[in-house]
Amino acid sequence: MRSPGQLKSSSSELDLDGPNIEDYLPSGSSIQEPLGKLRLRDLLDISPTLTEAAGAIVDRCLVELICSFFVASWTGVVKYHGPRPSMRPKQVFVANHTSMIDFIILEQMTAFAVIMQKHPGWVGLLQSTILESVGCIWFNRSEAKDREIVARKLRDHVQGTDNNPLLIFPEGTCVNNHYTVMFKKGAFELGCTVCPVAIKYNKIFVDAFWNSRKQSFTMHLLQLMTSWAVVCDVWYLEPQTLRPGETAIEFAERVRDIISVRAGLKKVPWDGYLKYSRPSPKHRERKQQSFAESVLRRLDEK
Amino acid sequence: MLTQYDIEEVQQHCNHAFSQQEIVSLYERFCQLDRNNGGFISAEEFLSVPEFAVNPLSQRLLRMVDGLNFKEFVAFLSAFSPHATLHQKIEFIFKVYDSDGNGKVTFTDMLDVLRDLTGTFISEKQREQVLTDVLDEAGYTKDSLMILSDFVKILGNSGLKIEVEVPVD
């Protein structure tokens, strides 16, 4: 029986610090694993695979583009839960990400420094003026060397005693508020305590998720400003530290699990940028291999 | 924009497999997928859904679903409704196998689907052997031409579950 080979993630710039997708795929197969002696109906019954395909077609879109900073007056009703961890050095906050208003919502309670993408145009201007005061770390995704510079800045920031606590959105992009995508490990290898924060918007009032392909930012802004109060829940969860023998990726997944469970979000093994490229055939091969192995195994059971 | 009349027409066409709210929800989803607003979802647009693209049966399903307009799209999905009968679900599976649509599923058809599901992890020879053996055990041969009633007989008691929940806001 062939053993699964080591699968490497692609070497594109964006994946350099991204988790290896193969680490996260469920080890079982979606294709039904038959038990006992193999019969014709076991081979003909493709219902689980079909259900998965139909589910994919019917469920909402997972990820969209990087969002932008949103500043406007709006009446928001936000419910905060859980004791907020006391501010200590060597501590970072991580949260799931739906829209830039996540930042505003969290900012209301605590002055956070946040790491975000610098945007061109008037939004960038807004970012510079307003966020400069809380101490922000800028990064530019398109700059190759930027990754190391940012990692260094992050490290410096958390070591410093006077700095505002750092807030990081490890998904790296805005995600529709039904799911979480894989967390990038950067936030989890700073040698700090990680305080997870879960944010869930109540869809009845407003869809805060900005689908930038369908709507320009200005339209999104207007819509948010003229809609009902944003209603959401914010949960501050128990601070976590790296467990002995745990890798940064495992740590990231563990925290993502905590946040997803609390906010009732489904976890998916996709990276936030997947929509730009087709998933590698390795995912499909993994499913095929699992089913093939179970068929062969059952053949031996006579 | 979907009018009440449209919704009712679609509902008729899919034999009331979905509620009106679910049809509205499916319409939103249809429009989301149909990016260039062509009135149908192209193969490319289906493949942009990652979970669909990695599904081993995606190519087969694409053949069935490529270029459908909304009414046909909903009818296609009706097999996945909890209101669909077992017979409808088995019929759907039969159609997945019967790629040339002539109402008969051959050994080759079944071999093709098995290949999609197992990829390179079983040799072609082993695949043929497995299929021949299980067919034999069920009383068929390599040359048997299966029709829908055969599938109903084989899959009828297997506790088949094909269901998808349409998210309704």
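Analysis parameters
- Residues numbered from 1 in each chain as written.
- Chains lettered and ligands numbered in written order.
- Predicted model: local features only at pLDDT ≥ 70, side-chain atom pairs only at ≥ 80, totals over all residues.
- Heavy atoms only, no water.
- Axes fitted to C-alpha atoms, helices over the stretch in contact; angles between N-to-C directions.
- Helix = DSSP H or I, 4+ residues; strand = E, 2+ residues; numbered from the N terminus.
- Parallel < 35°, antiparallel > 145°, perpendicular 65-115°, else oblique.
- Left-handed = near helix turned anticlockwise from the far one by under 90°.
- Contact = heavy atoms within 4.5 Å.
- Nonpolar A, V, L, I, M, F, W, Y, C, P; charged D, E, K, R; others polar.
- Buried < 20%, exposed > 50% of the residue type's maximum accessible area, 1.4 Å probe, protein only.
- Pairing = 2+ DSSP bridges.
- pLDDT = per-residue confidence, 0-100.
- Buried area = accessible area lost by both parts, 1.4 Å probe.
- Salt bridge = Lys/Arg side-chain N within 4 Å of Asp/Glu carboxyl O.

Per an unreviewed UniProt entry, chain B is named Calcineurin subunit B, and its organism is Citrus sinensis.

Under the annotation held in an unreviewed UniProt entry, chain A carries the name Glycerol-3-phosphate acyltransferase 9 and is attributed to Citrus sinensis.

> Please explain the packing of helix H1 (residues 4-13) of chain B against helix H6 (residues 70-77) of chain B as it appears in this structure.
Packed helices, taken two at a time, are described by their axes: the angle between them and the distance between them. Residues and elements named next belong to chain B. Two elements in contact, H1 and H6, have axes whose closest approach is 9 Å; the angle formed by their N-to-C orientations is 40 degrees. The pairing of H1 with H6 is recorded here as oblique in orientation. For the crossing formed where H1 meets H6, the hand is right-handed. Residues Glu9, Val10 and His13 of H1 pack against Phe70, Lys71, Val74 and Ala75 of H6. For the contact of H1 with H6, a count of residues per class yields 4 nonpolar, 1 polar and 2 charged.

> Quick question: what am I supposed to make of the pairing of strand E7 (residues 193-201) of chain A here?
Moving residue by residue along a regular strand, the side chains alternate between the two faces of the sheet. Residues and elements named next belong to chain A. Among the 9 residues of E7, 7 are classified as buried, and the element is accordingly described as predominantly covered. Pairing geometry for strand E2 (residues 91-95) and E7, over 5 bridges, is parallel. Looking across to E7, one finds that Val92 is bridged to Val194.

> Before we go on, may I ask you to explain the pairing of E2 of chain A in this structure?
All names here are of chain A. Of all 5 residues making up E2, 5 are buried, and the element is well covered by its neighbours. Every second residue of E2 is oriented toward a common face, with Gln91, Phe93 and Ala95 on one face and Val92 and Val94 on the other, all of them buried. Pairing geometry for E2 and strand E5 (residues 166-168), over 3 bridges, is parallel. Bridging from a neighbouring strand, Phe93 pairs with Leu167 of E5.

> For this particular structure, what's the right way to read the confidence of the model for chain B?
Any residue range with low pLDDT should be treated as having predicted coordinates unsuitable for detailed reading. This prediction gives chain B a mean pLDDT of 89; 99% of its residues lie at or above 70. We note a pTM of 0.54 for the whole complex and an ipTM of 0.88 for its interfaces.

> How should I be thinking about the interface of chain B and chain A in this particular structure?
Accessible area lost when the parts come together is the quantity often used to give the size of an interface. With 62 residues of chain B at the contact, the number on the chain A side is 45 residues. Across the interface of chain B and chain A, roughly 4800 Å² is buried in total on both sides, 68% from carbon and sulfur atoms. Counting across the interface, chain B meets chain A through 1 salt bridge. With its nearest N and O atoms 2.8 Å apart, the salt bridge here joins Glu137 of chain B to Arg39 of chain A. Element by element, the count of residues in the side of chain B that touches chain A is highest for helix H8 (residues 107-118) of chain B, at 7 residues. Considering only residue class, the side of chain B that touches chain A consists of 40 nonpolar, 10 polar and 12 charged.

> Sorry, what's going on with unusual backbone geometry here?
Leaving glycine out, the prevailing phi sign among residues is negative, and the prevailing peptide bond configuration is trans. Residues and elements named next belong to chain B. At Asn15, a residue that is not glycine, the phi angle is positive and equals roughly 60 degrees. With respect to the element layout, Asn15 can be found in the loop between H1 and helix H2 (20-33). Residue Asn15 is classed as exposed on the basis of its relative accessible area, which comes to 61%. One non-glycine residue, His16, lies in the positive phi region at around 60 degrees. The topology assignment puts His16 in the loop between H1 and H2. Of the residues examined, His16 reaches a relative accessible area of 46% and is grouped as partly exposed.

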